Every structure is written in structure tokens, then in C-alpha cells.
Amino acid sequence: MATLKEILTRRPVAATIRLRVPAGGAKPAPPVGPALGQYRLNLMAFCKDFNARTQKYKPETPMSVTITAFTDNTFEFSIKSPSVAWYLKKAAGVESGSSRPGHVTASTVTLKHVYEIAKIKQGDPYCQYMSLESISKSIIGTANSMGIKVQKELD
């Protein structure tokens, strides 16, 4: 339960903005500029902070960012790692999944790939309390729905 002090010091939220921005590539141009500009947020402050936080990733890696805009024109944002589908496509070396998953196999990945993706995703805010096994099972399910076969070892 929140204390009275926490309730009184809360800032009213104007909007929650969700974007997919390439790592290290936030510019005050579309899609970032119009999304933040309509709430009168400081574009350059966001771009500099976002680019500084995502410099450890390869350029052009799509990062999901959730921005909370407050009515006093301030903001907070959290960054999630790229999607599981993106990691699976990179690990399998394909541009897209199968057009007929379950019937046509697009590519194959090993359990080691799945384990490495699960270790990365465990750092996300929504997955930090999940076990590595349950995250791996979810990744295997995503791979199956994309038409990517998961094997113990590559032949």
C-alpha cells in the first residue's frame, strides 16, 4: 500500500508512448520526433540518453522503449532488449520465418542458441523473476510458430 507521501508526490501522467527505435540511432526525426513532440518533451535529452544507454548493442538493433510522459513536460523511459523473433532470425540466419510453420521448416537453431537468447531476455523487466527454463520454453514455442526447428546439436 502506498504511503501518503508517495501519493502526494506522484506526478500526473500525460501519456505512455511505446516505440521501436534502432540502438544508438535515436534522432529527433520521425518516428521519435513527432511522438515526443506532441507532448512537448525534450527531444535532444531523450535522444542523448537513449543512445548512451544502447551503445553496447550493435547499431540498427531494434529496441523497444516505453516512455512515460508527465504533465510537467518531463519523462521517464525504460528499454527492453530486442524481441525473441529478431534474435531467432539472427541465430537462424534467415530474413523471415516460414510462410507455413509446422509444414515447411525455414531453418534450424540449437538449444545453445535458445539458452543464450534466454539469458539475454532474463535481464528484461518483465522476465527478471522467471526461471531460465520457462523463458527457454517460451522461446522454443516462438521458434516453432515461426517455422524454425530447435535441435540439440546441428548435424
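Note that this is a predicted model, so its numbers are computed, not measured.

Asks: For this particular structure, what's the right way to read the overall build of the protein chain?
Replies: Each helix and strand in the protein chain was counted, giving 6 helices and 5 strands. Each helix (α) and strand (β) of the protein chain, taken in turn from the N terminus, gives the series α-β-α-α-β-β-α-β-α-α-β. Burial status across the protein chain gives 31% buried among its 155 residues. Taken as a whole, the protein chain presents about 10,000 Å² of accessible surface, with 53% of it coming from carbon and sulfur. Here the protein chain carries 21 positive and 11 negative side-chain charges, and the mean point of each set is 3 Å from the other.

Asks: Would you explain the packing of aromatic side chains in this entry?
Replies: How two aromatic rings sit relative to each other is given by the distance of their centres and the angle of their planes. Considering all chains together, one arrives at 5 aromatic pairs under this definition. Measuring from ring centre to ring centre gives 5.7 Å for Phe-46 and Phe-50, while their planes differ by 25°; the resulting arrangement is stacked. Linking Phe-46 with Phe-50, this pair stays in helix α3 (residues 43-53), spanning 4 residues, or about one helical turn. Each of the two residues, Phe-46 as well as Phe-50, counts as buried. Ring centres of Phe-46 and Phe-77 lie 5.0 Å apart, and the angle between their planes is 70°; this geometry places the pair in the edge-to-face category. Separated by 31 residues along the polypeptide, Phe-46 in helix α3 and Phe-77 in strand β3 (residues 75-80) bring together distant segments of the chain. Across the pair, Phe-77 and Phe-46 agree in class, each one buried. Put simply, the rings of Phe-46, Phe-50, Phe-75 and Phe-77 touch in pairs and so form one group of aromatic residues. We note Arg-53 situated over the ring of Phe-77; from NZ or CZ to the ring centre the distance is 4.1 Å.

Asks: Where do I start with the UniProt feature "domain: Large ribosomal subunit protein uL11 C-terminal" (unreviewed entry) in the protein chain in this structure?
Replies: The residues that UniProt annotates with the feature "domain: Large ribosomal subunit protein uL11 C-terminal" (unreviewed entry) are residues 80-150. For residues 80-150, helix accounts for 49% and strand for 11%, while the C-alpha atoms at its two ends are 25 Å apart.

Asks: Quick question: what am I supposed to make of the packing of helix α4 (residues 84-92) against helix α5 (residues 111-121) here?
Replies: A pair of packed helices can be characterised by two numbers: the angle between their axes and the separation between those axes. One way to put it is that α4 packs onto α5 with a least axis distance of 11 Å and a crossing angle of 145°. Between α4 and α5 lies a crossing whose hand is right-handed. The residues of α5 that touch α4, namely those facing Val-84, Tyr-87, Leu-88 and Ala-91, are His-113, Ile-117, Ile-120 and Lys-121. Across the contact of α4 with α5, the residue classes break down as 6 nonpolar, 1 polar and 1 charged.

Asks: Teacher, can you tell me more about the nonpolar core here?
Replies: Among soluble globular proteins, nonpolar side chains are generally buried collectively. Leu-19, Phe-46, Phe-50, Val-65 and Ile-67 are the most contacted members of the largest nonpolar core, which has 17 residues in total. Counting residues per element, the ones that place at least two in this core are β1 (13-22), α2 (32-37), α3 and β2 (62-70). Here the element with the most residues in this core is β2; it accounts for 4 residues. Discounting residues that sit within four places of it in the chain, Phe-46 has contacts with Ala-26, Val-32, Leu-36, Val-65, Ile-67, Phe-75 and Phe-77. Ala-118, Cys-127, Ile-135 and Ile-148 belong to the second largest nonpolar core, which has 14 residues in total.

Criteria and cut-off values
- Every chain is numbered on its own, with residues counted from 1 as its sequence reads.
- For this predicted model, a pLDDT threshold of at least 70 governs which residues receive local features, and a threshold of 80 or more governs which side-chain atom pairs are given and counted, while totals over whole chains, interfaces and linings are taken from all residues.
- The basis for the side-chain values is all heavy atoms of the structure; hydrogens and waters are excluded.
- The helix count covers DSSP runs of H or I at least four residues long, the strand count covers runs of E at least two residues long, and both are numbered beginning at the N terminus.
- The buried label applies to any residue whose accessible area, calculated with a 1.4 Å probe on protein chains only, is under 20% of its type's maximum; exposed applies above 50%, and partly exposed to all values in between.
- Using a 1.4 Å probe, the Shrake-Rupley method yields the accessible areas, and only the shown protein chains count as cover for residues.
- His residues and chain termini do not enter the charge count, which takes Lys and Arg as positive and Asp and Glu as negative.
- The atom standing in for a charge is NZ when the residue is Lys, CZ when it is Arg, CG when it is Asp and CD when it is Glu.
- Each Phe, Tyr or Trp ring, with Trp reduced to its six-membered ring, pairs with another whose centre is within 6.5 Å; inter-plane angles below 30 degrees give stacked pairs, above 60 give edge-to-face pairs, and intermediate values give tilted ones.
- Charge-over-ring placement is defined geometrically: NZ (Lys) or CZ (Arg) within 6 Å of the ring centre, and within 35 degrees of the ring normal.
- UniProt positions are given in the numbering used here, feature names are shortened, and annotations may be inferred rather than shown by experiment.
- Angles here are taken between N-to-C directions and fall from 0 to 180 degrees, while the axes themselves are lines fitted to C-alpha atoms, restricted in helices to the stretch in contact.
- Should the near helix be turned anticlockwise from the far one by less than a right angle, the crossing is termed left-handed; should it be turned clockwise, right-handed.
- Any two residues having at least one pair of non-hydrogen atoms within 4.5 Å are treated as being in contact.
- In the scheme used here, Gly and all other residues not listed as nonpolar or charged are polar, with Ala, Val, Leu, Ile, Met, Phe, Trp, Tyr, Cys and Pro taken as nonpolar and Asp, Glu, Lys and Arg as charged.
- We define the nonpolar core as a collection of buried residues of types Ala, Val, Leu, Ile, Met, Phe, Trp, Tyr and Cys that are connected through side-chain atoms lying within 4.5 Å of one another.

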